[in-house]
Amino acid sequence: GDNQDSSGFIKVIKKFMSAVTRIFHFLARMPLPLMQRLGAALGWLVWWLSPSYRRNFKANVQAAGVAWREARPAVAAIGAMVAELPWVWMRPHNAKLDGLMKWDGAEYFEAAMKAGKGAIIMSPHLGSWEIGAQAIAEKFGPTYGPMVALFRPARKAWLEPLVANARTRPYLDSAPTSLAGVRTLIRALRNGGYTAILPDQVPPLGQGVWAPFFGRDVYTMTLLAKLAQQTGAQVIMTWCERLPAGQGFCMHMRPFDAPEMKDTSVSPEEAAAAVNRGVERMVLDAPGQYLWGYARDKQPRAEG
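Residues numbered from 1 in each chain as written. Predicted model: local features only at pLDDT ≥ 70, side-chain atom pairs only at ≥ 80, totals over all residues. Heavy atoms only, no water.

**Regarding the environment of Trp87**
Rules: Each helix is a run of DSSP H or I of at least 4 residues and each strand a run of E of at least 2, with the numbering of both proceeding from the N terminus. Think of it in three bands: with a 1.4 Å probe and only protein chains considered, a residue is buried below 20% of the maximum accessible area for its type, exposed above 50%, and partly exposed in between. Any two residues whose heavy atoms approach within 4.5 Å are treated as being in contact.
Note on placement: Trp87 falls in helix H5 (residues 73-90). Taking the relative accessible area as the measure of exposure, Trp87 reaches 15% and is therefore buried. For Trp87 and Phe24, which are 63 residues apart along the polypeptide, the C-alpha to C-alpha distance reads 8.0 Å. Not counting the four nearest positions on each side in its chain, Trp87 is found in contact with Ala28, Met30, Leu32, Leu97, Leu100 and Ile131.

Listed below in structure tokens is the structure:
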């Protein structure tokens with residue numbers, strides 16, 4: 001009986017995954033500006049339907065000292081980001097982003113790569129970070145080789161085939177979120193390559209330290225600073241701005257020259273605080289595109 005039950009369950013899951021994949025493929029063919037507008041409406045719908053989300057969102061904005069009128073557009077922006085995912089994940093590998101992406105500061109990235117020390121793209125939950133990684137790999141891959149990034153498998157099994165298409169694109173290589181994956185990143189950077197890291201993601205227990213972020217101590221990854229210190233790679237503050245619907249995106253890149261990124265004698269806490277200050281600078285440049293609903297001050301979970 002147990003075997004029959006489990007095989008029946010697996011069949012149901014497979015049907016569900018197949019249906020979701022078909023829906024994603026269908027939505028991926030919709031015009032991107034339309035999906036962004038629908039997403040903006042979705043963002044507000046979730047806002048009104050979830051009191052806990054509203055509370056968390058507003059508490060994070062208040063803690064950051066950001067005026068509500070500046071952060072308010074993020075309600076719609078977060079919905080737009082979600083609605084973009086089918087298009088971002090499912091678009092054909094040979095489809096180019098050329099006409100959709102403007103660049104502001106690409107010369108800083110190219111200077112770092114030409115210096116031969118490699119580059120670490122420091123890109124928080126700001127703007128359209130999913131499309132940002134693809135755009136960087138597409139623009140710079142032919143000259144500087146693939147971008148190597150750490151990717152944790154999707155938590156939901158039905159998401160995995162969808163995410164896999166996004167993570168196996170030309171010039172975009174993935175490494176597992178493990179010690180072996182970190183070693184892969186170090187090798188890539190020492191060979192003058194480049195990687196991208198979400199610096200405001202809450203890391204698993206044991207992989208971070210407590211450091212201030214907008215006036216509150218939050219559990220902050222130590223990986224980014226360690227990679228920079230050990231390899232001499234240039235850290236580049238990067239975020240992909242979503243322009244008004246129909247106008248595409250703009251990638252902003254600036255060198256992050258905090259001394260803590262070079263000095264191995266500083267404590268992990270000092271280095272993490274410097275990383276958080278860099279994230280704060282980017283968020284304050286565009287508070288209307290930050291993922292304010294993300295529980296940045298949550299307790300880290302045990303890896304497992």
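**Quick notes on the side chain of Ser123**
Stated formally: Any N or O atom pair separated by 3.5 Å or less is treated as a polar contact, with the protein-specific requirement of one donor-capable and one acceptor-capable atom, and with residues adjacent in sequence counted only for side-chain atom pairs.
Mapping Ser123 onto the fold places it in the loop between strand S2 (119-122) and helix H7 (129-144). Polar contacts involving the side chain of Ser123 include one to the main-chain carbonyl oxygen of Thr238, which spans 3.3 Å. Residue contacts for Ser123: discarding those within four places in its chain leaves Trp129, Ile197, Leu198, Pro199, Thr238 and Trp239.

**Quick word on the nonpolar core**
Defined as follows: Definition of nonpolar core: a set of buried residues of the types Ala, Val, Leu, Ile, Met, Phe, Trp, Tyr and Cys, connected through side-chain atoms within 4.5 Å.
Phe57, Ile120, Met122, Leu224, Val235, Met261 and Trp292 are the most contacted members of the largest nonpolar core, which has 51 residues in total. Elements supplying a minimum of two residues to this core: helix H3 (51-63), H5, S2, helix H9 (179-190), strand S7 (216-221), helix H10 (223-231), strand S8 (234-242) and helix H11 (268-285). Of the residues forming this core, the biggest block, six residues, is contributed by H11. What Phe57 contacts, discounting residues up to four positions off in sequence, is Trp47, Trp68, Ala71, Ala74, Val75, Ile78, Trp292 and Gly293. In terms of nonpolar packing, the next biggest core, distinct from the first, is built from 31 residues, Ala112, Ile131, Phe140 and Tyr194 among them.

**Brief notes about the side chain of Asn60**
Following the sequence through the fold, Asn60 ends up in helix H3. Owing to a relative accessible area of 6%, Asn60 belongs among the buried residues under this scheme. From its side chain, Asn60 meets the backbone oxygen of Trp292 in a polar contact 2.7 Å long. Residues in contact with Asn60, not counting those within four places in the same chain, are Arg216, Trp292, Gly293 and Tyr294.

**Thoughts on H10**
Every buried residue of H10 is accounted for by Leu224, Ala225, Leu227, Ala228, Gln229 and Thr231. Contacts made by the buried residues of H10 are with S2, H9, strand S5 (194-197), S7, S8 and H11. Downstream of H10 by one or two residues, Gly232 has phi in the positive range, about 75°.

**Brief notes about the packing of aromatic side chains**
To describe a pair of aromatic rings, one takes the distance between the centres and the angle between the planes. For clarity, the cut-off: Stacked, tilted and edge-to-face are the three classes assigned to paired rings of Phe, Tyr and Trp, where Trp is represented by its six-membered ring and a pair needs centres within 6.5 Å; plane angles under 30 degrees give stacked, over 60 edge-to-face, the rest tilted.
Following the criterion strictly, the structure yields 15 aromatic pairs and no others. Ring plane angle 80° and centroid distance 5.2 Å describe the contact between Trp47 and Phe57, whose orientation is recorded as edge-to-face. Of this pair, Trp47 sits in helix H2 (residues 32-49) while Phe57 sits in helix H3; the two residues are ten residues apart in sequence, bridging distant segments of the chain. Grouping residues by exposure puts Trp47 and Phe57 together as buried. When the ring of Phe213 is compared with that of Phe214, the centres are 4.8 Å apart and the planes differ by 55°; the resulting orientation is tilted. For the pair shown, Phe213 and Phe214 are each scored as buried. Among the aromatic side chains, those forming a connected cluster through ring pairs are Trp44, Trp47, Tyr53, Phe57 and Trp68.

Any functional reading would require information beyond the geometric quantities listed.
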